[in-house]
Every structure is written in structure tokens, then in C-alpha cells.
Amino acid sequence: MKAYLLTAVGVIFLTVIISFIVPEGKLKKSVNFVLRLVSIGMLISPITKIFTFTPSESSASYDYNYVSQVYAQNQSRLLTQKVNDDLGFDCVCIVEIVYDGNKIAENGVTVCGNFENVQTVAQITEYLEGLGYINITVNEKAD
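As a starting point, this report considers the structure included with it. Once a new chain begins, its residue numbering starts again from 1 and follows that chain's sequence as written. Only residues with pLDDT of at least 70 are given local features in this predicted model, and only at 80 or more are side-chain atom pairs given and counted; all residues enter the totals for whole chains, interfaces and linings. Hydrogens and waters are ignored; side-chain quantities use all the structure's heavy atoms.

For the rest of this paragraph, the subject is the packing of aromatic side chains. Paired rings are identified among Phe, Tyr and Trp, the last through its six-membered ring, by centres lying within 6.5 Å, and are further divided according to the angle between planes into stacked (under 30 degrees), edge-to-face (over 60) and tilted (the rest). One pass over the full model with this rule turns up one aromatic pair. The interplanar angle of 20° and the centroid separation of 4.4 Å between the aromatic rings of Tyr-64 and Tyr-99 together place this pair among those described as stacked. Placement of the pair is Tyr-64 in helix 4 (residues 64-87) and Tyr-99 in strand 1 (residues 91-99), with a sequence separation of 35 residues. Going along the chain from the N terminus, every DSSP run of H or I of four or more residues is numbered as a helix, and every run of E of two or more is numbered as a strand.

See below:
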């Protein structure tokens, strides 16, 4: 409390001194306005500390590996459906999703199916690269 009172007295003292130093005219009105705002802000600063928000610590723990696993299953199902619909190939896509301690991210895609030729493998790889997938592996025979 003592520090607050000393700061308040100091700001008010500086406001008075500066108002005597600044010459008359538009500059004096502007400077006085700014000094009054600073004084008011400093005087109400303890009130603003009442309304500060500090987030509470959460005691919940999250199983990011489980979340990654469920996310991978959903992404695999959706990608399999998309490849089958868009390209017309009967295949199964397995999207690998990992949690590296900071974020959940895609780590690779494996496509399994009975493909007739090498052009099919190249076509699927090019299609998945166009969708933004990385580490693409296309197996010619289903597991």
C-alpha cells in the first residue's frame, strides 16, 4: 500500500510540474489531457487487479495416444472411402497419426490392395501427394 501511495503522489507531482513547464496553447491542452489519463489510470490500477483472470490448473489428464489412435481410425476410414470413390480402386488406406509430445500429426499413409500394374501404384501415390499426405507406401498385395 505504501508503494501505491508513493507512486500516486509521484505521478500527481509530475503532472503538476509538467503542466507548469509546458507553454500555453494547443500543446498544453493535449499534454494535460494525456497526463490526466495517466493519473486516472494509475489511481484506478488497484481496481483493475480485482478483475484479473487466472486460469485454474486442470487436474484432468489426457491420453493423447488414445486420441491419436481414434483420429487415425477415422482418417483411415475416410481416406479409404475417398480413394475408392475418386479413383475407383478397391483398397484399404491406413493413416498413421502420432503424438510427439507437442502436437498430434499425420506421420504416413499405407495403401493396401490388389493392384494390377505399376501405373496404379503411381496414380495412387500422386493422388495422395496432391491431398498433402507424406510418407506414402503403396503395397501391391493386401495384407
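Residues in a regular strand point their side chains to alternate faces of the sheet. What makes two strands pair is DSSP finding at least two bridges between them. Sheet topology note: the strand 2 (residues 104-113)/strand 3 (residues 136-139) ladder contains four bridges and is parallel. Paired with Thr-110 across the bridge in strand 3 is Thr-137. Whether a crossover is right-handed comes down to one check: with the strands pointing away from the viewer, does the path from the first strand over the helix to the second run clockwise; if it does, it is right-handed. Once you follow strand 2 into helix 5 (residues 118-130) and on to strand 3, the crossover reads as right-handed.

What the three strands build is an open sheet, ordered 1-2-3; its pairing is mixed. The strands lining the two open edges of the sheet, one partner per strand, are strand 1 and strand 3. Sheet twist, expressed as the average angle between the axes of neighbouring strands with direction ignored, equals 20°. We call two residues in contact whenever any of their non-hydrogen atoms come within 4.5 Å of each other. Only C-alpha atoms enter the line fits that serve as axes; for helices the fit covers just the stretch in contact. Angles between N-to-C directions range over 0 to 180 degrees. Along the sheet, helix 4 makes contact with strand 1 and strand 2, crossing strand 1 at roughly 150°. Contacts from helix 5 reach strand 2 and strand 3, with the element oriented near 155° to strand 3.

So, on to the packing of helix 1 (residues 2-21) against helix 2 (residues 26-43). Between helix 1 and helix 2, the least distance of the axes is 10 Å, while the angle of their chain directions is 175°. In this view, helix 1 runs roughly antiparallel relative to helix 2, as classed from their interaxial angle. For the pair helix 1 and helix 2, contact is made by Tyr-4, Thr-7, Ala-8, Val-11, Thr-15, Ile-18 and Ser-19 and by Lys-28, Val-31, Asn-32, Leu-35, Val-38, Ser-39, Met-42 and Leu-43, respectively. All residues other than Ala, Val, Leu, Ile, Met, Phe, Trp, Tyr, Cys, Pro, Asp, Glu, Lys and Arg, Gly among them, are scored as polar; the first ten of these are nonpolar and the last four charged. Of the residues assigned to the contact of helix 1 with helix 2, the class counts are nine nonpolar, five polar and one charged. Here is the rule for angles: anything less than 35 degrees is roughly parallel, anything more than 145 is roughly antiparallel, 65 through 115 is roughly perpendicular, and the remaining ranges are oblique.

What follows concerns the pattern of salt bridges. When a carboxyl oxygen of Asp or Glu lies within 4 Å of a side-chain nitrogen of Lys or Arg, that pair is called a salt bridge. Going through the model one piece at a time under the given rule, you end up with two salt bridges. Of the charged contacts, one joins Lys-28 and Glu-24 as a salt bridge, the two residues approaching to 3.4 Å between their closest N and O atoms. Relative accessible area decides the class of each residue, using a 1.4 Å probe on protein chains only: under 20% of the type maximum gives buried, over 50% gives exposed, and in between gives partly exposed. Residue class for Lys-28 comes out buried when judged on its relative accessible area of 17%.

Pairing geometry for strand 1 and strand 2, over nine bridges, is antiparallel. The residue bridging Val-92 from the neighbouring strand is Cys-112, located in strand 2. Between strand 1 and strand 2, which pair antiparallel and follow one another directly, the connecting turn spans four residues, one of which, Gly-101, has a positive phi of 100°.

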